[in-house]
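# Structure at a glance
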Amino acid sequence: MFHEGESKENSVNFPSASRHVTTPDVETVVIGAGVVGLAVARALAEQGHEVLVLERHDGIGRETSSRSSEVIHAGLYYPPNSLKAKLCVEGRRRLYEFARENGVPHARYGKLLVATAEDERERLDVIAGTALANGVSDIVRLSKADVRAREPEVSAVAALFSPSTGVIDSHALMVALEGHIRGALGSVVLNTEVEGLAAPEGAPFEIATHSTGAQAGERAKLTARNLVIAASLNATRLGAMLGASSRYQPPETYPARGHYYALDGQAPFRHLVYPLPGDGWLGIHLTLDVAGRARFGPDLEWQQQPSTHFDDENGARRARFACEIRRYWPGLEEERLLPGYVGIRPKIYRQGEPAPDFAIHGIREHGIPRLVALYGIESPGLTSSLAIGAYVAAMLPR
Ligand SMILES: Cc1cc2nc3c(=O)[nH]c(=O)nc-3n(C[C@H](O)[C@H](O)[C@H](O)COP(=O)(O)OP(=O)(O)OC[C@H]3O[C@@H](n4cnc5c(N)ncnc54)[C@H](O)[C@@H]3O)c2cc1C
């Protein structure tokens, strides 16, 4: 990586393609140190790649990955044979194993998916069928009395119980992944924002960066043989830079916010509790973190200019949450809901459209050798992260 000094130019000029640089500075660059970028970098590093992860913030996992429900999903909902279904089920298996072996806090609480009205029973059957088709064979059907026995405060006419659903400390997971990357001679460089990308034919990728840290604004350029874009909400922008000279058009990203409320005081639950899913989301569910603290959310708010600011004018949001939660927990006292945090989903479809699969683009989609670009890695992206890592590593053999 060579530094260019204190240039204040806004445009990024690369050396012309005719320069034909043949020896790249780095074998593989991964843009983004969220859980997916780190899992990809770890898989590549363990496959023998010399990997450099570039991250614009001053720490790992500062965006989508630190604002999720931290649930290890079983794989109940996703269309059979989709990447979401396959990578979730495989990722879940890998995640429990990795967490056990690396001392990452996690808890296999199990989850109740509840029907709160008679006309919802049929949907439970459909979901049970999808789960089975996805290879989730441990689902148990519960009657109203079974639900009461497991969770006395939960009201439901019937439920599915998923014993393999759990939660994980996502930050500890990312710290462990970073340790693996460094142990395999890879590195994670913070405070480094990628501002320009080019893919000259027959030459390494050209990557222009600027520092966002103490030397804010300092620019640098480097070249890499392989490139992975794991930049979540910013992936479309970066993919489009490479598409500028080809006909490649990355999928558009449509951010959708989700708010969480924490439950004040002790939670009277032992399992996660989910209502039936709605269009594009899983409903206001109850999750427990690894310490057993309860939180509710996320809601779904499509916004072009999203922010992580928690807003609740006149308590209207809290009232809406309370109303949703009381469908399965009638005993909720609304004052116990405390504002929590906001996460932003990197959706690649518009409100009202059917949810597409994860988009993991290789040469077939964009025509650029040795580039993998990931888009729309929303839930179950955390659960799938280690499987996504293995999948991407297989696309970039040494
Ligand atoms: C509200 C919510 C709840 C969720 N709940 C769950 C759940 O319970 N279970 C589950 O499995 N999944 C869940 N998910 C999905 C999961 O959180 C994501 O799929 C996952 O965190 C995505 O990780 P990522 O690494 O792709 O993205 P990110 O964590 O956003 O990482 C991308 C990184 O790229 C960096 N970056 C972007 N542009 C640049 C640039 N130009 N230069 C350098 N760095 C750059 C960013 O700073 C960021 O750190 C949830 C998501 C949301 C929003």
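Residues numbered from 1 in each chain as written. Predicted model: local features only at pLDDT ≥ 70, side-chain atom pairs only at ≥ 80, totals over all residues.

### Quick notes on the sheet that holds strand β5 (residues 106-107)
The strand order across the open sheet formed by three strands is β4-β9-β5, and the pairing between neighbours is antiparallel. Strand pairing shows two members of the sheet lacking a second neighbour, β4 (71-72) and β5, which therefore form its edges. Sheet analysis places β5 next to strand β9 (residues 166-168), joined by two bridges and oriented antiparallel. When the sheet's bridge partners are listed, A107 is paired in β9 with V167. (Pairing = 2+ DSSP bridges. Helix = DSSP H or I, 4+ residues; strand = E, 2+ residues; numbered from the N terminus.)

### Re the domain arrangement of the protein chain
According to the domain assignment, the protein chain contains domain 1 (25-107 + 164-251 + 351-398) and domain 2 (111-161 + 254-347). The straight-line distance from the C-alpha centre of domain 1 to that of domain 2 is 28 Å. Taken residue by residue, the interface counts 28 residues in domain 1 and 26 residues in domain 2. Of all the secondary structure elements, the ones that give two or more residues to the side of domain 1 that touches domain 2 are α2 (83-102) and β5. In terms of residue class, the side of domain 1 that touches domain 2 is built from 14 nonpolar, ten polar and four charged. (Domains from an automatic or database assignment. Contact = placed C-beta atoms within 7 Å. Nonpolar A, V, L, I, M, F, W, Y, C, P; charged D, E, K, R; others polar.)

### Details of the site of the ligand
Close contacts around the ligand come from 41 residues, with G32, G34, S65, G343 and G381 the closest. Three or more residues apiece are contributed to the shell around the ligand by two domains, here domain 1 (25-107 + 164-251 + 351-398) and domain 2 (111-161 + 254-347). (Near = placed C-beta within 6 Å.)

### Here's the deal with the packing of helix α1 (residues 35-46) against helix α5 (residues 170-183)
Relative orientation of the contacting elements α1 and α5 amounts to 30°, with a least axis distance of 9 Å. Judged on the interaxial angle alone, α5 and α1 are roughly parallel. Classified by chirality, the crossing of α5 by α1 is left-handed. In this structure, α1 contributes V35, L38, A39, A41, R42 and A45 to the contact, and α5 contributes S170, L173, M174, L177, E178, H180 and I181. (Axes fitted to C-alpha atoms, helices over the stretch in contact; angles between N-to-C directions. Parallel < 35°, antiparallel > 145°, perpendicular 65-115°, else oblique. Left-handed = near helix turned anticlockwise from the far one by under 90°.)

### Quick word on the environment of G367
Residue position: G367 is located in the loop between α8 (363-366) and β21 (371-375). Here the alpha-carbon distance between G367 and G243, two residues 124 residues apart in the chain, equals 9.6 Å. Setting aside anything within four residues of it in sequence, one finds G367 in contact with S246 and Y248.

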